[in-house]
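Descriptive structure summary
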Amino acid sequence: MRNRHAIFSPDNHQLRVKSAILGLAIALGLFGFSNVYANSFDDPFGVNARLPDQPGVKAAQRADFYTISAPTAVQKQKIATRHEYSLAELSALALSNNPQTHSVWASLRAQAASVGISEAAWLPKLTLNASAQQSQSTTSTGFSIPTQRIFAPNLSLSWLLYDFGQREAGIAAAKAGLVAARFANDQTLQTVLSSVASAYYQSLADQVLIEVDKRSVETAQKALDAAQARYRSGQATVSDLYQAKAALAQAEGTLATAEQTQLQNEGALASAVGLPVDTQLRLAPLQTRIDPKLDANVKSLLQQAIAQNPNLQNAQAQVAQARATLDQTERAGLPSISLGANQGLRFQQSLGRTQTNSIGLTLSVPLFTGFDQHYQTAQARAKLAEAEANRDTTYQSTELAVWQGYYAFRGAVVAIPSARAQVENANEALKAVQAQYKVGYATIQDLLTAQSTLATAEVTLAQNALNAYTALAKLGAAIGQLGSPMFSEHSLLDPTTAAVSAGAAPNDHLPDIAPTSHLYDHKEQSQP
């Protein structure tokens, strides 16, 4: 009767009433909250608040924009504004400044770290866990269990002892990936140097073309002066004046376009070097009075490319990596044996210390993995076939690049003598027509045609001479030589080596700095 009286006492009755009222209030509150804020449950955190209400609206806000500073290498680089840079110097700047070289270097280090990750599989793993807990329980009758405080550190060891070669295959795949990353690094350097060389030669071509266009303007002005003199003396018609003025306007327009193209290509060169596009670089004019020559035939160049092209070697390393990955995947379905050890302590209030120790071997045999192993193996085998096909594609593209580069070089070189002859003959023809026009034996059309013929011949000679060096640089890139190719006695300095002959002056190995007006000198010159 005492227990029944305690249960139905006024205090317990009041407690039950209060609990019921509180529960009803919470339920009504939640019901009202759900009605008032029903729409808020579609986006409880308001993540759509700063998004456009409809498609086709700009989403970025002012607060979203970052302040992006120039690369660190660019900030520290100082350019000598009065110094005339050679291709070798610009190539050296590009290797240290171009972000592509920094990116591929970081990728190479990351791939090296992956080898370390694979090697770590040989070592055991030691783990320390510690837990601290305090607990207290109270019954509905008001009885409280004393507070319990527990502290339990635990040290565990796990060691994979044998896995039928799965770790060896993983390490082999990582090492093959590292080899591929090395060749990818070299290929990136080759790409950077090739882009610098192309932009360098294009800038040189722009300088020559601007000089040609300036001379065309001067020649057109002389033609206009001659037409005006003949018109004043009554020996020419007004149409001669208009034709001469039209030719002058055309020459001036061509010059203005060439100057803007030069600015565009100067920005491309600065960007290839890794500098801001508005950097002003003075270039050392290239020696173009000597026809560049090759000291190797196309067959030997093809053999060199197959043996050392970094892009092709990278593709072969990827085949080795895919083969090792397939081996690792196939071995993943084999059993493994592991060693496990554990030591733990348990400190509990009023119960003292408890110690546990265990050691044992575990045999793991994958019996059925839901065909996961089957499809992973099939995927690895397909990736191996893909890597082999990519290697074969790279092989063919490498051969084609060498073949086309070789004959592009020869085509530019063999055209230089005839282009020189065209310039010489066109120059003499213009002199004759100018003299004939002054005395009335030639028309204005004859004079303008002679001017146009000379300008075309000068542009052709300049383009052929510079194309020869461009093709030579591209041929070296196709073969896989960093910097300029070493198979030509007329090649430029290789920026990756200090190939300076013994006893030579510091600048003896640089290209001869010759005025571009000497480009049209057809006489034999000595090699610097």
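Notes on the sheet that holds strand β2 (residues 125-135)
Spatial ordering of the open sheet is given by β2-β3-β5-β6, a layout of 4 strands whose pairing is antiparallel. Across the chains shown, the open sheet's two edge strands, defined by having one partner strand only, are β2 and β6 (352-364). Across the sheet, the mean angle from the axis of one strand to that of its neighbour is 15°, orientation sign disregarded. Pairing of strand β3 (residues 148-162) with strand β5 (residues 336-348) involves 10 bridges; the strand directions are antiparallel. Among the inter-strand pairings, Ser156 is bridged to a residue of β5, identified as Asn342.

As for the packing of helix α10 (residues 372-438) against helix α11 (residues 444-479)
Two elements in contact, α10 and α11, have axes separated by 6 Å at closest approach and are oriented at 160°. Between α10 and α11, the crossing angle belongs to the class labelled roughly antiparallel. Two packed elements cross with a definite hand, and for α10 against α11 that hand is left-handed. For the contact of α10 with α11, the per-class residue count stands at 28 nonpolar, 10 polar and 3 charged.

Some remarks on helix α7 (residues 238-273)
Under the 1.5 Å per step criterion, the end-to-end length of α7 is 53 Å for 36 residues, consistent within 8% with the ideal 52 Å. Looking one or two places after α7, you find Gly274, whose phi comes out positive at around 100°.

Remarks on the side chain of Asn464
With respect to the secondary-structure elements, Asn464 resides in helix α11. Apart from residues lying up to four places away in sequence, Asn464 is in contact with Ala412, Ala415, Ile416 and Ala419.

Quick word on α11
Its 36 residues place the ends of α11 52 Å apart at the C-alpha level, agreeing with the 52 Å of an ideal helix rising 1.5 Å per residue. Looking one or two places after α11, you find Gly480, whose phi comes out positive at around 105°.

Some words on the pairing of β5
In this structure, β5 lies alongside β6, joined through 13 bridges in antiparallel fashion. Directly across from Asn342, in β6, lies its bridge partner Ser358.

What to know about the pattern of salt bridges
Tallying each qualifying case throughout the model produces 11 salt bridges. Residues Glu330 and Arg381 are paired through a salt bridge, measuring 3.2 Å at the closest nitrogen-oxygen approach. You can see Glu330 sitting in helix α9 (residues 310-331) and its partner Arg381 sitting in helix α10, a full 51 residues away along the chain. Overall, the relative accessible area of 43% leaves Arg381 in the partly exposed class. A salt bridge links Arg391 to Asp392, with the shortest nitrogen-to-oxygen separation between them at 2.8 Å. A relative accessible area of 40% places Asp392 in the partly exposed class. Connected via shared salt-bridge partners are Glu211, Arg215 and Glu458.

A few points about the confidence of the model for the protein
Parts of the model with low pLDDT should not have their predicted coordinates read in detail. Counting all residues, the mean pLDDT for the protein is 81, and 80% of those residues have values of 70 or more. Low pLDDT (under 50) marks residues 1-8, which in the prediction has 3 contacts with non-local residues, meaning those over four places away or in another chain. Predicted confidence for residues 487-528 stays below pLDDT 50, and this span has 92 contacts to residues more than four positions away or in other chains.

Calculation criteria
Residues numbered from 1 in each chain as written. Predicted model: local features only at pLDDT ≥ 70, side-chain atom pairs only at ≥ 80, totals over all residues. Heavy atoms only, no water. Pairing = 2+ DSSP bridges. Helix = DSSP H or I, 4+ residues; strand = E, 2+ residues; numbered from the N terminus. Axes fitted to C-alpha atoms, helices over the stretch in contact; angles between N-to-C directions. Parallel < 35°, antiparallel > 145°, perpendicular 65-115°, else oblique. Left-handed = near helix turned anticlockwise from the far one by under 90°. Nonpolar A, V, L, I, M, F, W, Y, C, P; charged D, E, K, R; others polar. Expected span 1.5 Å × (residues − 1). Contact = heavy atoms within 4.5 Å. Salt bridge = Lys/Arg side-chain N within 4 Å of Asp/Glu carboxyl O. Buried < 20%, exposed > 50% of the residue type's maximum accessible area, 1.4 Å probe, protein only. pLDDT = per-residue confidence, 0-100.

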